[in-house]
Amino acid sequence: MLSIENLHAQIDNKAILKGINLEIKAGEIHAIMGPNGSGKSTLASVLAGKEQYEVTEGSITFLGKNLLELAPEERAGEGIFLAFQHPIEIPGVTTTNFLKTALNEIRKYQGLDPLDAVQFLKLLKEKAKILQIDESLMKRSLNEGFSGGEKKRNEIFQMAMLEPRLAILDETDSGLDIDALRIVAEGVNKLKNSQNAFLIITHFQRILDYIQPDFVHVLYDGKIIKSGGKELALELEEKGYDWVKAEAVA
Amino acid sequence: MTETSKDFKDIFTPLKNSASGYVQNLRQKALAQLQNLELPNTKHEEWKYTPLKNLVKEPFALAQPTDLNPKDFFVNNLENFYKIVFVNGFLQENQTLLPSQVEFLSFQEAEKQGKLDNLLGSIAKTENDYFNALNTAFCDKGFYLRIPKNTKIDKPIVVYHIVSGGFAFLQRNIVLAETGCRASLINLYLADSNVFSSFTSEISEIFISENAHLDCYKIQNEKNQNYRIDTTQVEQKTYSKFAMTTISLDGGLIRNNLNVLIEGEHCETYMNGLSYVKNKTHIDHHTLADHRKPNSYSNELYKGLFDENSTGVFNGKIYVRQDAQKTNAYQQNRNVLLSDKASIYTKPQLEIWADDVKCSHGATTGKLDEAALFYMRARGISEAEARKLLLRAFAGEILERIEIEELKEYVKNLI
C-alpha cells in the first residue's frame, strides 16, 4: 500500500529525515517510536503533504501513485488521513459543516456522488455512537474551546467519517487520560479491517497495550534504526532508547 | 491647493438657493466657512491614509434627473418591505411605499414646511469639516423621516441609493426616532456597472429620543468607481438603542464617518462593520462613540477582508467624558489581508476622562491562517474551498448580527 524508499526531507535547510525505508501493507498496523526530535512528526507531515517540508531525496509510493506529486487534498482523496498532533481550532466553521465539506470533496475526487444532508447525518450519528462522541460537539466551531482530549477524539471521529485507506496517528495518545486513550484505541480497533492500514506515531508504549501493532520501528536521527514485532515496544518501555542507539552505532 | 479645491466645490454652485429662513442662514454660514477650507489632503490627520488627489481630476457633472428604471435594482428578498428610492440623489416619489404612521417628506418640502429648523446642522457641524460645509452650503436633496412617538414600524424601510453615470451630487437626510418608537432602516447603495466615476456626499443626522430603538444597515455595493463620503451623525437619549451595521463590498473610494453622541444614560450602541473588498477599492471607516452621560454601553466590531490591491482604513474613537461614569465601551477591529498588495491602516483610540469605567479596544491584522488551511486540505478540502470556508467563517461573526433574516440571506449571497 505504502512504500517509502530512502526518504530525505528538510525544513529551513535543516535535514530531518535522512533515509527512511518503510513498507506498509493493507491490514497492517505499524508503530513508530523514538525520542523527541528524531523526526517522527516530520515523517507524518511529509506524508500528509505539508509544504514547509522539502523532500530532497527518495520516493513515496501510495497505491501505485507517486505521493510526492500530489497536493494535500489529493492525498486525502487517495485515502491518506493524518490525525494531527495539535488539531487546529477553526472558529466559525462547525464540525458538521467541515466534515460534510471534507467528505463530499473526497467523494468528488473519487468520482462518487455527494451525500445529501439526510445521508450525511445518518452516517454522523452512526460514527458518533461508535466513538462515544457527544453530538452537541458537532454543532460547535471545529475544535474551538475543546479540551485536549476532545480534540484528539474529534480527530479519530473524523477518521471514522472519512474512512481512509491509511491513517497516520501523530501522537494522538499524548495528553490523553486513560479513559480517553481507551476510547481512541477502541475506535481504531473497530475501524481496522483487511483493506486499511494504520501508522501510529508515539512516544509511549502505553497506547500499544490497547492497539496491537504488527510492527514496531524505532526512529532515531531521521532513520529507522530498528524494527521488530510488538515485543520491541515493551523492551523500549523497559530499557529506554540508549541500547538501540548503541546497537545502531555498533 | 486652494485653486483645485475651489474648482471642486464649484461643481455645486448652480445649486445656490435664494430661499430665506433657518436653512438658508445655515447654507450661508457653511458657504462662508467653505471659502476658508481646503479639500482634505493626506497632511490632515483624519485623512492621512485616504488620498483625494484624484477627486479634482475627475470630470464630474452635476447630477441631472435620469430615465433609469430603478426597478432593475430592486432586491427580490426585500420586496415585501417599505421603500424609499433615490437615483443620483433625486427622490423617486412614485416609488415611495411607507406605512401611514410615519411622516416622510423630500428635503425641499421639509424645508418649505420648516421641519428642518433647529434640526438640520445641529449635530453635523460645518466648522473645520470640508465635506460637512460643502454638503450644508448646497443641500437641497434628501429626505426627512419622522417616526412618531411609540409607533412600531412592522417591517424594515429600505432606502435605495442608486448611482448611474459620471455625476456628482449631495444628499442630506434627517431621521427623527421619537420616544419609544421601534424601526429598522436598510440603506442599499447600488450603481450600474459602467466605468464612470461619480461623487456622492451624503450626511444623515439621526435623532433618537428616550426609549426609542433604531436598527440601521448600510450595504455598500456600488459596481463602479464611485467616491462616497458618508457621514452619519447620531444623537442618542436616555434608554435608547441604536445599531448600525455597515457592509462594504464594492465601490471606488468610500469614507464612512459614523459618529454617535451618547447624550443619555442607559443607552445601548452597537457598531458593526464588515468590509470585503478587492480591485482597487479603498474603504475608510472613521467611527466615534462619544459617551457624555453615565451608565451607557457601546460595542463596536469591525472586520475587514482585503484582497487584490484594495486598501482599508479603520480609525475608531471612544471618548468617555468626565460625567460618563460606569460606562462600558468595547471596540475590536480585526483584519485579514488576502493579497500581498492589499493594505490596512488601523488606529483604535480610547480617550477616557472618567475614572469608573470598563473599556477595552484592540486591533489585529493577519493573513488567512495557514495552519487552518493545511488542516482543511489534509481532510480533502481543496485550497479554494478551504479559503472560502475560512472567509465565510470570518465574515459570519458580523453577518450573524444582522437581525433581519431576508437581509442576512441577501448579504450572504453577495459574499
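Cut-offs applied
Residues numbered from 1 in each chain as written. Chains lettered and ligands numbered in written order. Predicted model: local features only at pLDDT ≥ 70, side-chain atom pairs only at ≥ 80, totals over all residues. Helix = DSSP H or I, 4+ residues; strand = E, 2+ residues; numbered from the N terminus. Rg over C-alpha atoms; globule rule 2.2 N^0.38 Å. Buried ≥ 20, exposed ≤ 12 C-beta atoms within 10 Å, placed from the backbone. Contact = placed C-beta atoms within 7 Å. Domains from an automatic or database assignment. Nonpolar A, V, L, I, M, F, W, Y, C, P; charged D, E, K, R; others polar. Core = buried A, V, L, I, M, F, W, Y, C linked by C-beta atoms within 7 Å. Pairing = 2+ DSSP bridges. Axes fitted to C-alpha atoms, helices over the stretch in contact; angles between N-to-C directions. Expected span 1.5 Å × (residues − 1). Arc of directions from axis to C-beta. Parallel < 35°, antiparallel > 145°, perpendicular 65-115°, else oblique. Left-handed = near helix turned anticlockwise from the far one by under 90°.

## Some details on the overall build of chain B
Secondary structure summary: chain B contains seven helices and 20 strands in total. The C-alpha radius of gyration of chain B comes to 21 Å, within 12% of the 22 Å expected for a compact globule of 415 residues. The principal-axis extent of the C-alpha atoms belonging to chain B is close to 70 × 50 × 45 Å. Counting the 415 residues in chain B, one finds 50% classified as buried. Across chain B, every contact between residues at least 6 apart in sequence was considered, and the portion connecting residues at least 24 apart equals 84%.

## Section: the domain arrangement of chain B
All names here are of chain B. For chain B, the domain assignment lists domain 1 (2–264) and domain 2 (370–415). Contact residues are listed per partner, giving 13 residues for domain 1 and ten residues for domain 2. Of all the elements in the fold, those that place two or more residues in the side of domain 1 that touches domain 2 are β8 (182–191), β10 (213–222) and β12 (241–250). For the side of domain 1 that touches domain 2, the class distribution of residues is eight nonpolar, four polar and one charged.

## Re the nonpolar core
Counting residues in each nonpolar core, the largest one holds 177 residues, and the members touching the most others are Leu47, Leu82, Ala83, Ile168 and Ile200 of chain A together with Ala177 of chain B. Taken together, domain 1 (2–264) and domain 2 (370–415) of chain B each give at least three residues to this core, which thus spans both. The contacts of Leu47 of chain A, once residues within four sequence positions are left out, are Ile60, Ile80, Leu82 and Ile168 of chain A.

## Quick notes on the sheet that holds strand β1 (residues 2–11) of chain A
Residue and element names in this part refer to chain A. What the four strands build is an open sheet, ordered β2-β1-β4-β5; its pairing is antiparallel. At either margin of the open sheet sits one strand with a lone partner, and together these are β2 (14–24) and β5 (65–66). In the packing of helix α1 (residues 40–48) onto the sheet, contacts are made with β1, β2 and β4 (54–62), and the angle to β2 comes to roughly 70 degrees.

## With respect to the pairing of strand β18 (residues 328–337) of chain B
Residues and elements named next belong to chain B. In this sheet, β18 lies alongside strand β16 (residues 297–306) in parallel orientation, the contact comprising ten bridges. Following the sheet pairing, Tyr302 is matched in β18 by Asn333. Pairing between β18 and strand β20 (residues 358–366): nine bridges, direction parallel. If you follow Ala329 over to β20, its bridge partner there is Cys359.

## Things to note about helix α6 (residues 178–191) of chain A
Residues and elements named next belong to chain A. Helix length check: α6, at 14 residues, gives a terminal C-alpha distance of 20 Å against a target of 20 Å (1.5 Å per residue), a fit within 8%. All buried positions along α6 are accounted for by Ala180, Leu181, Val184, Ala185, Gly187 and Val188. Each buried residue of α6 sits inside an arc of 150 degrees when the element is viewed along its axis, so together they form one side. For α6, the exposed residues lying more than 90 degrees away from the buried face are Ile178, Asp179 and Lys190. Where α6 is buried, its residues touch α4 (117–130), α5 (148–162) and β10 (197–202).

## Points about unusual backbone geometry
Even without a glycine there, the phi angle at Glu171 of chain A is positive, about 50 degrees. Inspection of the secondary structure puts Glu171 of chain A in the loop between β9 (166–170) and α6. The phi dihedral of His266 of chain B falls on the positive side, at around 55 degrees, and the residue is not glycine. Among the secondary structure elements, His266 of chain B is positioned in the loop between β13 (253–262) and β14 (268–277). Overall, the presence of 16 C-beta atoms within 10 Å leaves His266 of chain B in the partly exposed class.

## Quick word on the packing of helix α2 (residues 22–35) of chain B against helix α4 (residues 130–138) of chain B
Residue and element names in this part refer to chain B. Contact pair α2 / α4: the axes reach a minimum separation of 7 Å and the direction vectors enclose 140 degrees. In terms of orientation, α2 and α4 fall into the oblique class. Where α2 crosses over α4, the handedness of that crossing is left-handed. On α4, the residues that touch Leu26, Arg27, Ala30, Leu31, Gln33 and Leu34 of α2 are Ala133, Leu134, Thr136 and Ala137. Its residues placed into classes, the contact of α2 with α4 shows seven nonpolar, two polar and one charged.

## Comments concerning the sheet that holds strand β12 (residues 223–228) of chain A
Residues and elements named next belong to chain A. A sheet is described by the order of its strands in space; here six strands give the open sequence β6-β9-β10-β3-β11-β12, paired in mixed fashion. Edge positions in the sheet fall to β6 (80–83) and β12, since each has one partner strand and no second. Adjacent strand axes in the sheet meet at a mean angle of 20 degrees, parallel and antiparallel pairs treated alike. Relative to β10, β9 is paired through five bridges, and the arrangement is parallel. Its bridge partner lying in β10, Asp170 is registered against Ile201.

## Considerations on the pairing of β6 of chain A
Residues and elements named next belong to chain A. Side chains of β6 alternate between two faces, with Ile80 and Leu82 and Phe81 and Ala83 buried alike. Sheet topology places β6 next to β9; four bridges connect them, and they run parallel. Looking at β9, one finds that Ala83 is bridged to Leu169.

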